[in-house]
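Here are the chains, one letter per residue:
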Amino acid sequence: MYNFQSTRSFRSGCLEYLRPFVPMHVILPLLQRIPYRTLAPIMLVATLLLGCSQNKDGVINRAFHRLTARDNGWFNANEKLKEVVVGIETAHVDNYDEVLPLFIYGTPDQAKSATPELEKCIDKCSLVIERHSMNIGGKERNKWMDDTWFVLAKSQFYKGNYYEAERGFTYVSRRFKDGNRKLESLVWLARTAIQLEQYGKAQSALDQINDEKKLPKKFDHGELGAVQAELALKRGKVDDAIVHLEAAIPKANKKKERVRWSFILGQLYQVKSLDEKAIAQFAKVVKMNPPYEMAFQAEIFQVLAFNRGDSKSLRKKLKRMLRDNKNIDHFDMLHYAVADLDMKERKQPEAIEQLEMSARVSTTDQKQKTKTFLKLADIYFDDREYKSAQQYYDSTQTLMAETHPRLEEVKTRARVLGELVEQLAIIQLEDSLQELGKLDEKDLEKKIRGMIRDREQEEAEKELAEEEARARLDAAPPPANKPPTAGGRGTWYFYDPQQIARGQTDFSKKWGPRKLEDDWRRKDKGGSALFEGEEEDLADGTTEEDNEKEKAESEWKDPAFYTKDIPVDDVALEASNSRICGALYTSGMIYKEQLKDADNAIESFEVLNGRFEECRYTPESFYQLYRIYLEKEETTNYFSPDGTSSKTYADIILERWPDSEFARLVRDPNILQADEARKAEEELAYKEVYDRYRQYMYGSVITSCGNVIENEPRNHFLAKYHMLRAMAIGGMRDVSGYRNALTEVRTKFPGTDEDRAAGDLLAALEGSHKAPPPPIKAEGTKGEYKTASGPHYYVLIVPNEGNDINLIKAAISNFNSAFFPGTPLEITSSFLDPQRQVVMLSPFESKAKVVEYHALFASGNEMLVGVNDQEFPEFGIGTDNYAQLYKTKDVEGYVTFFTENYLGPQ
């Protein structure tokens, strides 16, 4: 029996509880009919259901939403984000040639690869915010909301959406002022602003933290100091960065942060030339038991920071490291470090020997080999040993990364020194031939036999050195006890970077630098298709390259090879002297204008003047000597012991060539200023003729060029007019006239850019026997396109022939599901014209969104193989512009507009 009174009280309690939610005329009949035993569980379920309300601030409501937000959403999103961050940090490879970054955020490619996982984090957090936020009376009652917003903003940060991340961190810091994530969000807001190069905003966020009267016990003071140091580095304030890092390192929460920041602090000491502090700091890093690579670099950096004192202990350490086989792939770096010590102690011959050893023992580190070659090139360049310098600069540019700050300088020096070495080789060859021509038959035969013996010895020594290098490489033991490479793929042979680098080294030693392309072994890639992909082994088992090598060897072993070019009569001797005269003048100009080496320029011009009484470049040579000495007198306190001065050469010019252009310039040096004004006018006139050439007005161009050539022999652009005239003749398909005009350019303007261009065109002409194609005319857009910021489409133009539109749409759909799961995109297709279809994705709410989509779509993602690698035109387009495009069919014009107006600022 149930107690009636207790039953009635329970029913009354139920009535009072349900009154705010259910009408009374519904409640009363239900309570009267439901038995007591059934009523209790029903009320429990009702209580839980009513707890789901986000608008009621009850104990059950708060408990339900906090528990669900933490365990169902935030926890999973936070763990997934941690996995992504660990993956990014593990895959990161530090470049020790630069100051290391304090924080590792990953590359844009890594951000794209991580986008699907980060989108899951964002979706989970968004769902938690939508279903479990309890904003009651202007105050958030779910204490896990600030954590959820924080994870969402960090996910946007690692995705590379810094503006979205900035909005998220700002929201957390302002909305949840009493939450535990406020200060952490301000730190990340500063990190985000630094990535956006908004340094003032970053400083403002950090100032808010520093203005707090009391910081929580669990606040990460080390991270705050590191962020302040990062901001200082971005602003170029290295001293401030050092102060912040010195304070941050002892407060670092994690060992890996403390080790990394300590290494960076040593690098900053080195930047500020605080060598003793740097050495001590790197020694501290070694004692912290860092990863292998950082420990090794810390040892090397101690050597590189050494500047004065006794280097015995450092040399002893390097020798010990050279005996340890686990460092075998860094032996090149160790020899480079020894060379650095030698250079600081003024032992240049020993340094060169160590650098050469560094290059010989190099195995996997292309960056180090680049540094070694560059160092050797710079040493020889500073010593004015230009031939050796050119060889090393040439080798350096083949290895140097495109982003290297000295790439253009190295390329220029390699090119300029190559031209210089070419001229010096001409002089040496012609001098040698003339010397051979002075010998009688018996002495000549004896001399040639000696030359052949010397060549045989050189070839034997070269072959022996190559065999020894290969033997050393083959006999080298594998590195012992070296930690595996980051990323987890180094265990399989074909993914092991050490093995890959060794293979590249072996290949380069045998074949030299080869471009990765089909038929890389073939010299002539235009052969029969029957032999495509086949080894070029001949019937006797040899290759074409072997036969070429044997043919070249048989040539230099034949005495006739040395006698064929000997000048045996006056005509040949005059031609030889003419080549020497030109080479001496050209080398002198290279020294003077491009290398700024006045001493060698003077020597070249004086050798020319002393050797030849009168040759093609004698007046020019005297004038250049006059200019060199005049510049010395005007810019320095120049005094010549032998009395040589600019007046010496001015008098010679005025006496020997009184009516020449050079005499006119000597009499009135200020005429050069007037020449500059005239040159500017001539440049405008040349550009006008060139514009006509680009409009295919070849007849008019030929006439204008002819008038300048005939009537303006002093025109500063005379060489360019000759070249332009030749190109216009080629445009009219006059092959014979084109060849003659190019030959005239080479004859009249040796050593100029036009000479080199004409030489290349002549070589191409001889190979193809065809006139050059006319220049490509830049087409203007037919539609009148305007930049729009509103709704956009993303469009692919796909040819009908050979393409399955349904397969393309399916691939794009799969890509969208993986990378943009939260963005509903509709994919449609329609005909643009009988030959092409439009695949359209919509909608995109703004220009920024469609540009973001294009960056990921065009990045070469493997999910889009067969789509974005087919060179289909692909672009974002506003609604108004799409109407113009559909009307005009001007795809090429719009692609140009899209590239310039959407992608140009990037």
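Some points on the packing of aromatic side chains
Stage number 1. Following the criterion strictly, the structure yields 53 aromatic pairs and no others.
Stage number 2. An angle of 35° between the planes, with centres 5.3 Å apart, marks the rings of tyrosine 623 and phenylalanine 662 as tilted. With tyrosine 623 in helix α27 (residues 618-635) and phenylalanine 662 in helix α29 (residues 661-667), the pair connects residues that are 39 residues apart, well separated along the chain.
Stage number 3. On the basis of relative accessibility, which here comes to 8%, the residue tyrosine 623 falls in the buried class.
Stage number 4. Here the aromatic residues Phe103, Tyr105, Phe150, Phe157, Tyr158, Tyr162, Phe169, Trp188 and Trp261 are joined through ring pairs into a cluster of three or more.
Stage number 5. Arginine 191 extends its terminal NZ or CZ atom over the ring of phenylalanine 103, reaching a point 3.9 Å from the ring centre.
Stage number 6. Positioned above the aromatic ring of tyrosine 902 is the side chain of lysine 847, whose terminal nitrogen or guanidinium carbon lies 4.9 Å from the ring centre.

As for the sheet that holds strand β6 (residues 874-878)
Stage number 1. Read across the sheet, four strands follow the order β4-β5-β3-β6 without closing on themselves; strand pairing throughout is antiparallel. Two strands lie at the open edges of the sheet, namely β4 (826-833) and β6, each paired on one side alone. On average, adjacent strands in this sheet sit at an angle of 30° to one another, irrespective of strand direction.
Stage number 2. Two elements, β4 and strand β5 (residues 836-844), share seven bridges in a ladder whose sense is antiparallel. When the sheet's bridge partners are listed, aspartate 833 is paired in β5 with arginine 836.
Stage number 3. Each of β3 (792-799), β4, β5 and β6 touches helix α37 (residues 879-888); the most contacted strand, β6, lies at about 115° to it.
Stage number 4. This element, helix α38 (residues 891-903), spans β3, β4, β5 and β6 of the sheet and lies at about 80° to β6.

Brief notes about the packing of helix α15 (residues 312-322) against helix α16 (residues 331-344)
Stage number 1. Interaxial distance between α15 and α16 falls to 10 Å at its minimum, and their mutual angle equals 160°. Taken together, α15 and α16 sit at an angle that is classed as roughly antiparallel. Regarding α15 and α16, the two cross each other, and that crossing is left-handed. Every residue of α16 that contacts α15 at Leu314, Arg315, Leu318, Met321 and Leu322 is listed here: Phe331, Leu334, His335, Ala337, Val338, Leu341 and Asp342.
Stage number 2. Of the residues that constitute the contact of α15 with α16, the class distribution is nine nonpolar, one polar and two charged.

The rules behind these values
Residues numbered from 1 in each chain as written. Predicted model: local features only at pLDDT ≥ 70, side-chain atom pairs only at ≥ 80, totals over all residues. Heavy atoms only, no water. Phe/Tyr/Trp six-rings, centres within 6.5 Å; stacked < 30°, edge-to-face > 60°. Helix = DSSP H or I, 4+ residues; strand = E, 2+ residues; numbered from the N terminus. Buried < 20%, exposed > 50% of the residue type's maximum accessible area, 1.4 Å probe, protein only. Lys NZ or Arg CZ within 6 Å of the ring centre and 35° of its normal. Pairing = 2+ DSSP bridges. Axes fitted to C-alpha atoms, helices over the stretch in contact; angles between N-to-C directions. Contact = heavy atoms within 4.5 Å. Parallel < 35°, antiparallel > 145°, perpendicular 65-115°, else oblique. Left-handed = near helix turned anticlockwise from the far one by under 90°. Nonpolar A, V, L, I, M, F, W, Y, C, P; charged D, E, K, R; others polar.

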